[in-house]
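Architecture and fold: a report
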Amino acid sequence: MASDQVTLLDLWASPFGMRVRLALAEKGVKYEYSEQDLMNKGALLLQMNPVHKKIPVLVHNGKPVCESLIIVQYIDEVWKDKAPFLPSDPYQRAQSRFWADFVDKKIYDFGRKIWMEKGEDQEAAKKGFIDSLKLLEGELGDKPYFGGETIGYVDIALVPFYTWFYAYETIGNFSIEAECPKLIGYCKRCLKKETVSKSLEDPKKVYDFVVMLRKKYGIE
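Predicted, not measured: the structure shown is a model, and the values here were computed from it. Along each chain, the written sequence defines residue order, and numbers are assigned to residues from 1. A pLDDT threshold of at least 70 governs which residues receive local features in this predicted model, and a stricter bar of 80 or more applies before side-chain atom pairs are shown or counted, although totals over entire chains, interfaces and linings include all residues. Think of the side-chain values as coming from all heavy atoms in the structure, minus any hydrogens and water.

This part is about the layout of surface pockets. Here a cavity denotes a set of grid points, spaced 1 Å apart and computed over the protein atoms alone, in which a 1.4 Å probe fits but from which it cannot get out, and a pocket denotes an open set meeting protein on both sides within 12 Å along at least five of seven lines; residues with an atom within 4 Å of a point are reported as lining. Grid points are joined across faces, edges and corners, and a volume is the space filled by probe spheres set on the points. In this structure, the largest pocket encloses a volume near 790 Å³. As for the largest pocket, its lining consists of 32 residues, of which S14, F16, L38, I55 and Y108 are closest to the centre. Comment: elements are numbered from the N terminus, with helices defined as DSSP H or I runs of at least four residues and strands as E runs of at least two. The set of elements that each furnish at least two residues to the lining of the largest pocket consists of α1 (15-27), α3 (68-78), α4 (90-116), α7 (162-172) and α11 (203-216). Just so you know the grouping, Ala, Val, Leu, Ile, Met, Phe, Trp, Tyr, Cys and Pro go in nonpolar, Asp, Glu, Lys and Arg go in charged, and all remaining residues, Gly too, go in polar. Its residues assigned to classes, the lining of the largest pocket shows 19 nonpolar, 5 polar and 8 charged.

Our next topic: the domain arrangement of the chain. Each domain's extent is set by a domain assignment, obtained either automatically or from a database. Partitioning the chain into structural domains gives domain 1 (6-78) and domain 2 (90-217). Computed from C-alpha atoms alone, the centre-to-centre distance between domain 1 and domain 2 is 21 Å. In what follows, a contact means two residues having at least one pair of non-hydrogen atoms within 4.5 Å. Counting residues at the interface gives 16 residues for domain 1, matched by 26 residues for domain 2. When domain 1 packs against domain 2, close to 1900 Å² is buried across both sides, 71% of that on carbon and sulfur atoms. Of all residues in domain 1, the largest losses of buried area upon contact with domain 2 belong to W12, R19 and L22, amounting jointly to 31% of the total for that side. Criterion for a salt bridge: a side-chain nitrogen of Lys or Arg within 4 Å of a carboxyl oxygen of Asp or Glu. Applying the counting rule to domain 1 against domain 2 returns 3 salt bridges. Among the ionic pairs, R19 bridges to D104, the shortest N-O distance being 2.7 Å. Pairs of N or O atoms are called polar contacts if they sit within 3.5 Å, as long as, within protein, a hydrogen donor faces a hydrogen acceptor (for residues adjacent in sequence, only side-chain-to-side-chain pairs). Connecting domain 1 to domain 2 are 7 residue pairs in polar contact (both at pLDDT 80 or more). For the side of domain 1 that touches domain 2, the elements supplying multiple residues, two or more each, are α1 and α3. Accessible area that two parts lose when put together, with a 1.4 Å probe and added across both, is what the buried area reports.

Let us look at the packing of aromatic side chains. What describes a pair of aromatic rings is the distance from one ring centre to the other and the angle between the planes of the rings. Classification of ring pairs uses Phe, Tyr and Trp, with its six-membered ring standing for Trp, and accepts pairs whose centres are within 6.5 Å; under 30 degrees between planes counts as stacked, over 60 as edge-to-face, and the remaining range as tilted. Scanning the entire structure with this criterion turns up 16 aromatic pairs. Look at F98 and W99: their rings are 5.1 Å apart centre to centre, the planes differ by 90°, and that puts the pair in the edge-to-face class. The class of F98 is partly exposed, set by a relative accessible area of 45%. The buried label goes to any residue with under 20% of its type's maximum accessible area, the exposed label to any with over 50%, and the partly exposed label to all in between, with areas taken from a 1.4 Å probe on protein chains only. Given a relative accessible area of 12%, W99 falls into the buried group.

Moving on, we come to the sheet that holds strand β4 (residues 63-66). At least two bridges found by DSSP between two strands are what make those strands a pair. Across the sheet, 4 strands lie side by side as β2-β1-β3-β4; this open sheet has mixed pairing. Either end of the sheet is taken by a strand with one partner, and the two such strands are β2 (32-35) and β4. Strand-to-strand twist across the sheet, computed as the mean angle between neighbouring axes with direction ignored, equals 20°. Bridge count between strand β3 (residues 57-60) and β4: 4 bridges; the pairing is antiparallel. For H60, the partnering residue across the bridge sits in β4 and is K63. As a rule, the C-alpha atoms of each element are fitted with a line to give its axis, helices using only the stretch in contact, and angles between N-to-C directions run from 0 to 180 degrees.

Among the structural elements, A124 can be located in helix α5 (residues 119-140). Spatially, the C-alpha atom of A124 lies 33 Å from that of Q36, the residues being 88 residues apart in sequence.

On to the pattern of salt bridges. Within the structure shown, the criterion is met by 12 salt bridges. When the shortest N-O distance is used, the salt bridge between R21 and E201 registers 3.4 Å. Residue R21 is located in helix α1, and its partner E201 is located in the loop between α10 (194-199) and α11; the two are separated by 180 residues in the primary sequence. Accessibility expressed as a relative area gives 21% for E201, which makes it partly exposed. As a salt-bridge pair, K193 and E26 come within 3.9 Å of each other at their nearest N and O atoms. In this pair, K193 is assigned in the loop between α9 (181-191) and α10 and E26 in helix α1, connecting sequence segments 167 residues apart. Look at E26 and you get buried, because its relative accessible area is 18%.

This paragraph deals with the UniProt feature "domain: GST N-terminal" (unreviewed entry) in the chain. If you check UniProt for "domain: GST N-terminal" (unreviewed entry), the listed places come out as residues 4-83 in our numbering. For residues 4-83, the end-to-end C-alpha separation is 20 Å, with 38% helix and 21% strand making up the annotated structure. UniProt positions are given in the numbering used here, feature names are shortened, and annotations may be inferred rather than shown by experiment.

What follows covers the UniProt feature "domain: GST C-terminal" (unreviewed entry) in the chain. Look at the UniProt record and you will see "domain: GST C-terminal" (unreviewed entry) annotated at residues 89-219. As annotated, residues 89-219 comprises 77% helix and 0% strand, and the C-alpha atoms at either end are separated by 46 Å.

See below:
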């Protein structure tokens, strides 16, 4: 598919966008990156995602695909020359989709509440966040990756959130590694892969971005 035109509409700090960048890197797909200003959404984003008006959007030969996990599955189905993200067994595929959905429902939601809330609400979010990570540790077991010996669908869904962990810890005043050492070890193992390290942003830069958001929303 050398003649393919692939453009990613994205925001640099978005863990959802990082999923797509990582999936494209794992498949070796060349693409044009288009940074979007979500405070002043441009015509291209509104045209390509008129329903949600959100990033990321993958534009493949002029056709938009929206929502990060759907995009990752699309990439897996279109570029089949590299190892698949999802297992071939239907039950294992269903399990992978379950845990990726779990990341969206729990890790993202609790993480957002950690930096958006204060007091008791923040404490409850921290507990929910750690409890969720411990469930993921149980699912990981002794495997190097959730995908087994190679990075797969759940890994692509989860590991971008590692770039936000420093912000959660600093704002929430707690240590994720102290509570979930296996999961942090897993994240560091993922980062040793060039496709991962080049697709993820610097956690300190993400923290500065979150501080800016907190000021914008009047949380500070």
